[in-house]
Amino acid sequence: GIRDDLVTGVQTCALPIYHRYYEGQSLLAYLQALDPALAPQQRDRWLTIAAETALEAVSRAPMNPAAWLRVATVRQSLGEPTEAILPMLMMSVYSGRVEPTLLMLRLRMLHEMQNEMGPDQRRVVIDQTLLAWRLAPKSLLAEIRSGAIAYDRIAGLLVPAHVRIMDEIDEAIRASVR
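Per chain, residue numbering runs from 1 following the sequence as it is written. The model is predicted, so local features are restricted to residues of pLDDT at least 70 and side-chain atom pairs to those at 80 or more, both for listing and for counting; the totals for chains, interfaces and linings are taken over all residues. Computation of side-chain values: all heavy atoms of the structure, hydrogens and water removed.

### Describing the nonpolar core
With 40 residues, the main nonpolar core has Leu 89, Leu 140, Ile 154 and Ile 169 as its most contacted residues. Elements represented by at least two residues in this core include exactly α3 (40-60), α4 (65-77), α5 (82-95), α6 (100-113), α7 (119-135), α8 (137-146), α9 (151-158) and α10 (163-177). Only DSSP runs of H or I covering at least 4 residues are called helices, and only runs of E covering at least 2 are called strands; the numbering of each starts at the N terminus. Examining the composition of this core, we find that 7 residues originate from one element, α6, more than from any other. Each nonpolar core is a collection of buried residues, namely Ala, Val, Leu, Ile, Met, Phe, Trp, Tyr and Cys, held together in the definition by side-chain atoms within 4.5 Å. Burial classes follow relative accessibility: with a 1.4 Å probe on protein chains only, a residue under 20% of its type's maximum area counts as buried, one over 50% as exposed, and anything between as partly exposed. Grouped together as the second largest cluster of nonpolar side chains are 6 residues, Ala 29, Ala 33, Leu 47 and Ala 50 included.

### Focus: the packing of α6 against α8
One can describe the packing of α6 onto α8 by two numbers: an axis separation of 11 Å at closest approach and a directional angle of 35°. Like other packed secondary-structure pairs, α6 and α8 cross with a definite hand, here right-handed. Of α8, the residues touching α6 (which contributes Met 104, Leu 107 and Arg 108) are Ser 139, Leu 140 and Glu 143. When residues are sorted by character, Ala, Val, Leu, Ile, Met, Phe, Trp, Tyr, Cys and Pro go into the nonpolar class, Asp, Glu, Lys and Arg into the charged class, and all the rest, Gly among them, into the polar class. Classifying every residue of the contact of α6 with α8 by side-chain character gives 3 nonpolar, 1 polar and 2 charged. As a rule, the C-alpha atoms of each element are fitted with a line to give its axis, helices using only the stretch in contact, and angles between N-to-C directions run from 0 to 180 degrees. Handedness of a crossing follows from how the near helix is turned relative to the far one, being left-handed for an anticlockwise turn of less than a right angle and right-handed for a clockwise one. Contact criterion: two residues are considered in contact whenever any of their non-hydrogen atoms come within 4.5 Å of each other.

### Quick notes on the packing of aromatic side chains
Note on aromatic contacts: the rings of Phe and Tyr and the six-membered ring of Trp form a pair at centre separations within 6.5 Å, being stacked when their planes are under 30 degrees apart, edge-to-face when over 60 apart, and tilted otherwise. As enumerated under the stated definition, the model contains 1 aromatic pair in all. Ring centres of Tyr 21 and Tyr 22 lie 5.1 Å apart, and the angle between their planes is 90°; this geometry places the pair in the edge-to-face category. You can call Tyr 21 partly exposed: its relative accessible area is 28%. With relative accessibility at 16%, the residue Tyr 22 sits in the buried group.

### Describing α6
Expected helix span is given by 1.5 Å per residue-to-residue step, counting one fewer step than there are residues. If you check α6, its first and last C-alpha atoms are 21 Å apart, about what 14 residues at 1.5 Å a residue would give, namely 20 Å. Along α6, the helix axis deviates most sharply at Arg 106, where the bend reaches about 25°. Those residues of α6 not exposed but buried are Leu 102, Leu 103, Met 104, Arg 106, Leu 107, Met 109, Leu 110, His 111 and Met 113. Its buried side turned inward, α6 meets α4, α5, α7, α8 and α9. What is called the bend at a residue is the angle between a pair of axes, fitted to the seven residues leading up to and ending at it and to the seven starting from it.

### Looking at the side chain of Arg 70
Here Arg 70 lies in helix α4. For the purpose of charge, His is not counted, nor are the chain termini; Lys and Arg are scored as positive and Asp and Glu as negative. Basic side-chain nitrogens of Lys or Arg form a salt bridge, by our definition, when they fall within 4 Å of a carboxyl oxygen of Asp or Glu. In this structure Arg 70 is buried but unpaired, with Glu 23 as the nearest side chain of opposite charge at 4.9 Å. Excluding residues within four positions of it along the chain, Arg 70 makes contact with Glu 23, Ser 26, Leu 27, Tyr 30 and Ala 54.

### Here's the deal with the pattern of salt bridges
Here the structure, examined in full by the defined rule, presents 9 salt bridges. Arg 43 is the partner of Asp 44 in a salt bridge, and the nearest nitrogen-oxygen pair spans 2.9 Å. By relative accessible area, Arg 43 is classed as partly exposed at 30%.

See the structure below:
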């Protein structure tokens, strides 16, 4: 019955051959790395484990935007160069373009790396910025106000092709100051 199916499902997820096993291991290692009491070497070891197990998860189930983002985030934390991080970040977008819980995290990283991108990758940043404006304008404005996403970078991407959207963002910024 349903109970037997549930038990079988839980047992399957606990097997190391199942992608969720590695996804869980990756998340646990990442959370462990965030412990402020860790020495830098320990932190880097946990981050490395988080990246390796997230890569194992996406090798078994590639349509996992959160795991791809975790790999990119961890590799950035480990100081890897942009060219090593960017493909993972792009896979996060490609595997889940509209993921509201990941949108701002990805957008911050995308805007940080925008100067090292080619035209196709910049189009992805434009798409994600426009999507953020439509789905989560308050969150995008908060990111701009905090400086996490530079206003100049957004304007540089959106003007002149999306000048009306930039006007909307400008108006929203002015309205929030009043």
